[in-house]
Amino acid sequence: MVLSTGLFRAISGTACGILAAASIATGAAAAPPTVHQAATITVAQPAAMLPAASGPVAVATAKLASWLTTQANLNLRTGNSTRKRIILTMPKGTSVKVHARASNGWYKVTHKSRTGWASGRYLAAKKPVNSSKSKLPSIPLSHQNRGPNKTSRVVLTYDDCPRNLSSFKAVINYAAKSNIGLVIAPTGDCLVSFRHRYGVDLAALARAKGQWVINHSVNHVDLRWLSCTQGARELRGTGVRTNYGRPPYGAINSRVRCAYSRADMKIWTWTHDTLDWMVRSKSTTVARAGAARRGDTVLMHMQWEGFTPDSIRQIRNRLSDRGIGLCRAYHGKDGRGAVARTPVYLPSSLPC
């Protein structure tokens, strides 16, 4: 996926570019963690959105910091695991109120009157460093922005993870019936979660409906902070196995390029960012996606308002009014007839 002009990636929002964050986090704990409570807890969201207590609460002997600052775009979740639902994405440099700390390093915090859990790996008392080492490239290479789409048609791409199976099926079924070819980029954590919850493979479901599927890492971590070997391991894990991938947040440096090369993947970011994770507005997301130019790769996320049949219908109509078409669903080698299953490995030139 949070995070189009190459100014962001990566969520996001789990979004996936410089301004689009998606899931920054560590893996889930094997057992319910011990929770250390601060003196006061203010819950500003429905109790149903918070994880249920799993047992007696141990009080921390050391005093918790009252406030911490996000060191990167960071997801606030309903529980202390990357498998929990994303409430919102907190921008890098945001100060959050701390309520408790779990034994797996996650913190219970409040941001914008919403209370949830965030990975302590990306929280600290200090302000984040904005050195040249951590900056994202302002103008990514054009070939990695457009990927294998060499046509004048627009490609709608969706990162991270859908809210549930029914919403995912509704979108891919609509796309297939409407002869629209989407690019789906789920994280490995998302694939594993849906296998456990529903017994289905999201990648296989999408491919069966003529949709394209690319890699988006396992945990949606910022790959720039990993070595080439660690990055390649993250790409080869439980995520999508294919020849194209999108780095979380669109974050790229020499180590990231090395990791993708070692994993035998090409990088595909985007050219047009809707910032859907930030605006969380269907009308705004549709308007921004509908303003794409010929050949654009549009960035959106499966957990936000652009990932519905009606949103895609409106985007298609807006583009059509300007004489621009969407990438078509896959029809096999002959390019005609019923929609066919897309191959695991994308062609060098997408048959849009």
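Residues numbered from 1 in each chain as written. Predicted model: local features only at pLDDT ≥ 70, side-chain atom pairs only at ≥ 80, totals over all residues. Heavy atoms only, no water.

**Student:** What is the right way to read the overall build of the protein chain from this model?
**Tutor:** Secondary structure summary: the protein chain contains nine helices and 15 strands in total. With 352 residues in all, the protein chain has 56% of them scored as buried. Carbon and sulfur atoms form 53% of the exposed surface of the protein chain, whose accessible area is close to 14,700 Å². (Helix = DSSP H or I, 4+ residues; strand = E, 2+ residues; numbered from the N terminus. Buried < 20%, exposed > 50% of the residue type's maximum accessible area, 1.4 Å probe, protein only. Areas by Shrake-Rupley, 256 points an atom, 1.4 Å probe, with all protein chains shown as cover.)

**Student:** Would you take a moment to explain the packing of aromatic side chains for this structure?
**Tutor:** For any pair of aromatic rings, geometry is given as the distance between the ring centres together with the angle between the planes. Under the counting rule described, the total for this entry stands at five aromatic pairs. Judged by centre distance (6.2 Å) and plane angle (35 degrees), the rings of Phe-168 and Phe-307 are tilted. A residue pair is termed long-range when its members are at least 10 positions apart, and Phe-168 in helix H2 (residues 165-177) and Phe-307 in the loop between strand E15 (297-301) and helix H9 (309-321) qualify at 139 residues. Across this residue pair, the class does not change: Phe-168 and Phe-307 are buried. With centroids separated by 6.1 Å and ring planes inclined at 70 degrees, the aromatic side chains of Tyr-244 and Trp-268 adopt a geometry described as edge-to-face. Remark: Trp-268 occurs in the loop between strand E13 (266-267) and strand E14 (272-273) and Tyr-244 occurs in strand E12 (residues 244-245); sequence separation between them is 24 residues. Each member of the pair, Tyr-244 as well as Trp-268, is classed as buried. Grouped by ring-pair contacts, the aromatic residues Tyr-158, Phe-168 and Phe-307 constitute a single cluster. Of note, Arg-197 hangs over the ring of Phe-194, and the distance from its end group to the ring centre comes to 4.8 Å. (Phe/Tyr/Trp six-rings, centres within 6.5 Å; stacked < 30°, edge-to-face > 60°. Lys NZ or Arg CZ within 6 Å of the ring centre and 35° of its normal.)

**Student:** Quick question: what am I supposed to make of the pairing of strand E5 (residues 95-102) here?
**Tutor:** Residues in a regular strand point their side chains to alternate faces of the sheet. Alignment of strand E2 (residues 67-70) against E5, held across three bridges, turns out to be antiparallel. The residue bridging Thr-69 from the neighbouring strand is Ser-95, located in E5. Relative to strand E6 (residues 106-111), E5 runs antiparallel, the two sharing four bridges. Counted as the bridge partner of Arg-101 is Tyr-107 from E6. Between E5 and E6, which pair antiparallel and follow one another directly, the connecting turn spans three residues, one of which, Gly-105, has a positive phi of 95 degrees. (Pairing = 2+ DSSP bridges.)

**Student:** Is there a simple way to explain the pairing of strand E7 (residues 114-119) in this structure?
**Tutor:** Most of E7 sits out of view: five of its six residues are buried. Examined bridge by bridge, E6 and E7 share six bridges and lie antiparallel to one another. For Lys-108, the partnering residue across the bridge sits in E7 and is Trp-117. Between E6 and E7, which pair antiparallel in sequence order, lie two residues; one of them, Lys-112, sits at a positive phi of approximately 55 degrees.

**Student:** Got a minute to help me understand the confidence of the model for the protein chain in this structure?
**Tutor:** Reading fine detail from the predicted coordinates is not recommended where pLDDT is low. In the predicted model, the protein chain carries a mean pLDDT of 81, and 78% of its residues have values of at least 70. In this model, residues 1-61 is a region of pLDDT below 50 whose contacts with residues beyond four sequence positions or in other chains number 284 contacts. Here residues 131-142 is a poorly scored stretch, pLDDT under 50, and it has 25 contacts once near neighbours within four places are set aside; other chains count. (pLDDT = per-residue confidence, 0-100. Contact = heavy atoms within 4.5 Å.)

**Student:** Explain the pattern of salt bridges here, please?
**Tutor:** For the structure shown, the criterion picks out four salt bridges. Taking the shortest distance from any N to any O, the salt bridge between Arg-246 and Asp-159 comes out at 2.8 Å. With Arg-246 in the loop between E12 and helix H6 (254-262) and Asp-159 in strand E9 (residues 155-160), this residue pair connects regions lying 87 residues apart in the sequence. The buried category is assigned to Arg-246, whose relative accessible area is 0%. Overall, the relative accessible area of 0% leaves Asp-159 in the buried class. Note that Arg-224 is salt-bridged to Asp-222, the shortest N-O span being 2.5 Å. As far as burial versus exposure is concerned, Arg-224 and Asp-222 are alike and both buried. In the salt-bridge network here, residues are joined through shared partners; they are Lys-282, Asp-310 and Arg-313. (Salt bridge = Lys/Arg side-chain N within 4 Å of Asp/Glu carboxyl O.)

**Student:** Explanation requested: the environment of Pro-128 in the structure shown.
**Tutor:** Within the element layout of this structure, Pro-128 appears in the loop between strand E8 (123-124) and helix H1 (142-146). Taking relative accessible area as the criterion, Pro-128 reaches 16% and is therefore assigned buried. Put simply, Pro-128 and Ala-72 are 56 residues apart on the chain and 7.4 Å apart in space, counted from C-alpha to C-alpha. Filtering out sequence-adjacent residues up to four positions away, Pro-128 remains in contact with Thr-69, Thr-70, Gln-71, Lys-92 and Gly-93.

**Student:** When you look at the sheet that holds E15 in this model, what are you seeing that I'm missing?
**Tutor:** Backbone-to-backbone hydrogen bonds pair the strands of a sheet. The strands run either parallel or antiparallel. Overall, parallel pairing links the five strands, which are arranged E11-E10-E9-E15-E14 in an open sheet. In this open sheet, the two edge strands, each paired with only one partner strand, are strand E11 (212-213) and E14. Alignment of E9 against strand E10 (residues 183-186), held across four bridges, turns out to be parallel. Each bridged residue has a counterpart across the sheet, and for Asp-159 the counterpart in E10 is Ala-185.

**Student:** How should I be thinking about helix H3 (residues 188-198) in this particular structure?
**Tutor:** Of all the residues in H3, the buried ones are Gly-188, Asp-189, Cys-190, Leu-191, Val-192, Ser-193 and Phe-194. Buried-residue contacts for H3 involve E9, H2, E10 and helix H4 (202-208). Trailing H3 by a residue or two, Gly-199 shows a phi angle of about 70 degrees, which is positive.

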